[in-house]
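Chains, contacts and geometry: an overview
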Amino acid sequence: MWHDLNTQIFLLINASEQASKSFISFAIFCAKYLVYVPIIVMSICWFTYPTYRQLMLKMVIGLCIALLITFIIRHLFYSPRPFTIDVGTNYLFHDKTSSLPSQHAVFVWTLFFTAFFNKAQRTKTILYVLLIVALLVSWSRIYLGVHWPLDIFIGFIVSIISSLIVKKCWMSISKLINR
């Protein structure tokens, strides 16, 4: 049942063979390069607004936790990418590694949720930028045929969990950092 639903949703989002080249190019930009926008924003905030440094540290720690969870999941549960089993169309070269969960989705959603859960230190502009980036990156990975919707959804869940762990444990983590 899950496999059928996952495949049906994938086929609804995945680009057709008749997709416009300019839209494919936009999706490739989103899938490969848009993840650099939050890194640039974080760097600017780090040097321009010292009050955001604590939030940036939380984001980095959240990413470490999320990517560790992702590493464990990928090594325990192999999930073939759509193009490896000839489902849909593929417009982005990718190795035939396990697709569950999407590391790109984990990256962008962890940044978003860390900022979201730290309301005292967030601004609407940063949240909107992170949300738009996360949505576009997640959509483009499916649209281009390198991830299933379930890969994105599990990445979303891993990101929420990692961000909540950082929020819950921040006092202990900050004591270790300040030693």
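First, a word on what this report is: a plain description of the structure on this page.

The rules we used
Residues numbered from 1 in each chain as written. Predicted model: local features only at pLDDT ≥ 70, side-chain atom pairs only at ≥ 80, totals over all residues. Heavy atoms only, no water. Helix = DSSP H or I, 4+ residues; strand = E, 2+ residues; numbered from the N terminus. Rg over C-alpha atoms; globule rule 2.2 N^0.38 Å. Buried < 20%, exposed > 50% of the residue type's maximum accessible area, 1.4 Å probe, protein only. Contact = heavy atoms within 4.5 Å. Areas by Shrake-Rupley, 256 points an atom, 1.4 Å probe, with all protein chains shown as cover. Lys, Arg positive; Asp, Glu negative; His and termini not counted. Charge placed at Lys NZ, Arg CZ, Asp CG, Glu CD. Phe/Tyr/Trp six-rings, centres within 6.5 Å; stacked < 30°, edge-to-face > 60°. Lys NZ or Arg CZ within 6 Å of the ring centre and 35° of its normal. Axes fitted to C-alpha atoms, helices over the stretch in contact; angles between N-to-C directions. Parallel < 35°, antiparallel > 145°, perpendicular 65-115°, else oblique. Left-handed = near helix turned anticlockwise from the far one by under 90°. Expected span 1.5 Å × (residues − 1).

**Here we look at the overall build of the protein chain**
Each helix and strand in the protein chain was counted, giving seven helices and zero strands. Computed over the C-alpha atoms, the radius of gyration of the protein chain is 17 Å, within 12% of the 16 Å expected from 2.2 N^0.38 for a compact globule of 179 residues. Along the longest, intermediate and shortest principal axes, the C-alpha atoms of the protein chain span 55 × 35 × 25 Å. Looking at the 179 residues of the protein chain, the share that counts as buried comes to 45%. A separation of at least 24 residues holds for 80% of the contacts in the protein chain among residues at least 6 apart in sequence. As displayed, the protein chain offers around 10,100 Å² of accessible surface, 70% of which is attributable to carbon and sulfur atoms. Charge centroids of the protein chain, computed over 15 positive and 5 negative side chains, lie 26 Å from each other.

**Some details on the packing of aromatic side chains**
Tallied over the entire structure, the rule returns 16 aromatic pairs. Taken together, Trp109, Phe112, Phe113, Phe116, Phe117 and Phe156 form an aromatic cluster joined through their ring pairs. Arg53 extends its terminal NZ or CZ atom over the ring of Trp46, reaching a point 5.1 Å from the ring centre.

**Let's talk about the packing of helix H3 (residues 36-48) against helix H6 (residues 124-143)**
Packing of H3 against H6 leaves a shortest axis separation of 10 Å and a crossing angle of 160°. One element, H3, and the other, H6, form an angle in the roughly antiparallel class. Seen from above, H3 lies across H6 with left-handed handedness. Two secondary-structure elements touch here, H3 through Val37, Pro38 and Cys45 and H6 through Ile126, Val129, Leu130 and Val133.

**Considering helix H2 (residues 21-32)**
Look at H2: 16 Å from first C-alpha to last across 12 residues, which is about the 16 Å you get at 1.5 Å a residue. Of the surrounding secondary structure, the elements contacted by the buried residues of H2 are helix H5 (103-117) and H6.

**Notes on the side chain of Thr7**
The residue Thr7 is located in helix H1 (residues 2-13) in this model. With a relative accessible area of 16%, Thr7 lands in the buried category. Other than its neighbours up to four places away in sequence, Thr7 contacts Val87 and Trp148.

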